[in-house]
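Descriptive structure summary
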Amino acid sequence: MNPYVLATLLSSLGLGTTLTFASSHWLLAWMGLEINTLAIIPLMAQHHHPRAVEATTKYFLTQATAAAVILFASTTNAWTTGEWDMANMSNPIATAMILAALALKIGLAPMHFWMPEVLQGLDLLTGLILSTWQKLAPLALIIQTAQAFDPLLLTALGLMSTFVGGWGGLNQTQLRKILAYSSIAHMGWMMIVLQYAPQLTLLALLMYVLMTSAAFLTLKLSSATKINTLATVWSKSPILTMTAALVLLSLGGLPPLTGFMPKWFILQELAKQGLPLTATVMALAALISLYFYLRLCYAMTLTISPNTTTSITPWRTQTTQASFPLALSTVMALGLLPITPTIMMLII
């Protein structure tokens, strides 16, 4: 892609998200979401592969539907209340519609069906943008209007997303689909604690972005998109294989890795709010997700591929990818647990 076009699209992505962050008016927020969607579509379709074009079309249709519902619901709310301000969401139907539309935007269950299909059709770097940056603006809107939403609805969305994210990833062989279901499960963790401690939602989002970035950049460096390709990576770069396995375990939430911190805080907060049953169900749902991360680790580190893989094996090929972003995100995805006391002082 032409570097000037790429720079324009990436700056438009930044502009759309910033506009949504800064707005307290529904029309401005909607405009930011639209700029965001329109900026990523050329990036998604840049390879002109039928699979990429299909994924782009699916993404455009779901995002356009969600944006239309947001516009309709905010207009309905403005009609009944007389103002467009986000803080004044007194119409229950409009509020429920906005939550449904924003859940569709970020891929919360049961509005998650587009997410694995779209991510599977993209290359790894565009998939990384879709899994991290594109979640920021809708989540900012959900956090800003969280007090207007029905607590039971938020809890139901959170629980369903963690279970769907776990169950859906169990029988997948495609790494991008596994990461899509991982994303759905992490969004569920963010939703479940939103009404009690929004700062923990932000912490979980930050940790999710770090761990997902490390996972996608590792896969990009090793040119792996299927589980059986992972089995051949150890011979090319053993150190990368080891760090990739640790990043996956961090995504699963195992101590002493970074991914344990947000899950620990969220379970502690749920118990503090008098919801031990919800906390137990969330912990059990995390175990389901952990199974498919362990399966990937097993394929990477404990097996030697017996079959001839259909993919081209990149024997010691020189990569053009900058290794600094991968190194930085990997270190942060693995080693931030010791600063937990500092974070506790800052957010609690």
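Since this is a predicted model, take the numbers as computed values, not measurements.

Reading the values: rules and limits
Residues numbered from 1 in each chain as written. Predicted model: local features only at pLDDT ≥ 70, side-chain atom pairs only at ≥ 80, totals over all residues. Heavy atoms only, no water. Domains from an automatic or database assignment. Contact = heavy atoms within 4.5 Å. Buried area = accessible area lost by both parts, 1.4 Å probe. Salt bridge = Lys/Arg side-chain N within 4 Å of Asp/Glu carboxyl O. Polar contact = N/O pair within 3.5 Å; in protein donor to acceptor, adjacent residues only side chain to side chain. Helix = DSSP H or I, 4+ residues; strand = E, 2+ residues; numbered from the N terminus. Nonpolar A, V, L, I, M, F, W, Y, C, P; charged D, E, K, R; others polar. Core = buried A, V, L, I, M, F, W, Y, C linked by side-chain atoms within 4.5 Å. Buried < 20%, exposed > 50% of the residue type's maximum accessible area, 1.4 Å probe, protein only. UniProt positions renumbered as here; feature names shortened; annotations may be inferred.

Thoughts on the domain arrangement of the chain
As a measure of interface size, the accessible area lost when the parts come together is often cited. We note that the domain assignment places domain 1 (1–147) and domain 2 (150–225 + 234–306 + 324–347) within the chain. Between domain 1 and domain 2, the C-alpha centre-to-centre distance is 23 Å. The partner domain 2 presents 33 residues to the 27 residues of domain 1 that form the contact. With both chains or domains summed, domain 1 and domain 2 bury close to 2700 Å², and 80% of this area falls on carbon and sulfur atoms. One salt bridge connects K177 with E117, and the closest N-O pair in it is separated by 3.5 Å. Seen at the junction of domain 1 and domain 2, the total is seven residue pairs in polar contact (both at pLDDT 80 or more). Only α4 (92–106), α5 (114–120), α6 (124–131) and α7 (133–144) provide two or more residues apiece to the side of domain 1 that touches domain 2. For the side of domain 1 that touches domain 2, the class distribution of residues is 18 nonpolar, six polar and three charged.

Thoughts on the nonpolar core
Judged by nonpolar contacts, the single largest core of 103 residues is most densely connected at W26, Y59, V118, L203, M207, L230 and M261. Here the element with the most residues in this core is helix α10 (residues 198–222); it accounts for 14 residues. Taken together, domain 1 (1–147) and domain 2 (150–225 + 234–306 + 324–347) each give at least three residues to this core, which thus spans both. Setting aside anything within four residues of it in sequence, one finds M261 in contact with L203, M207, L336, L337, T340 and I343.

A look at the UniProt feature "domain: NADH:quinone oxidoreductase/Mrp antiporter transmembrane" (unreviewed entry) in the chain
UniProt annotation of "domain: NADH:quinone oxidoreductase/Mrp antiporter transmembrane" (unreviewed entry) refers to residues 23–288 when read in the numbering used here. Annotated as 77% helix and 0% strand, the span residues 23–288 places its first and last C-alpha atoms 38 Å apart.

Some words on the UniProt feature "transmembrane region" (unreviewed entry) in the chain
Those residues carrying the UniProt feature "transmembrane region" (unreviewed entry) are residues 57–73, 93–113, 152–171, 178–196, 202–221, 233–254, 274–294 and 326–347 in this numbering. Between the end C-alpha atoms of residues 93–113 the distance is 24 Å, and the span holds 67% helix and 0% strand. Helix and strand shares over residues 326–347 are 82% and 0% respectively, and the end C-alpha atoms of the span are 28 Å apart.

Let's talk about unusual backbone geometry
The linkage connecting A109 with the following residue, P110, adopts the cis geometry, with an omega of 5 degrees. Summarising the element assignment, P110 is placed in the loop between α4 and α5. One non-glycine residue, H48, lies in the positive phi region at around 55 degrees. The exposure class assigned to H48 is exposed, which follows from its relative accessible area of 67%. Of note, the phi angle at S223 is positive, near 55 degrees, even though the residue is not glycine. With a relative accessible area of 49%, S223 lands in the partly exposed category.

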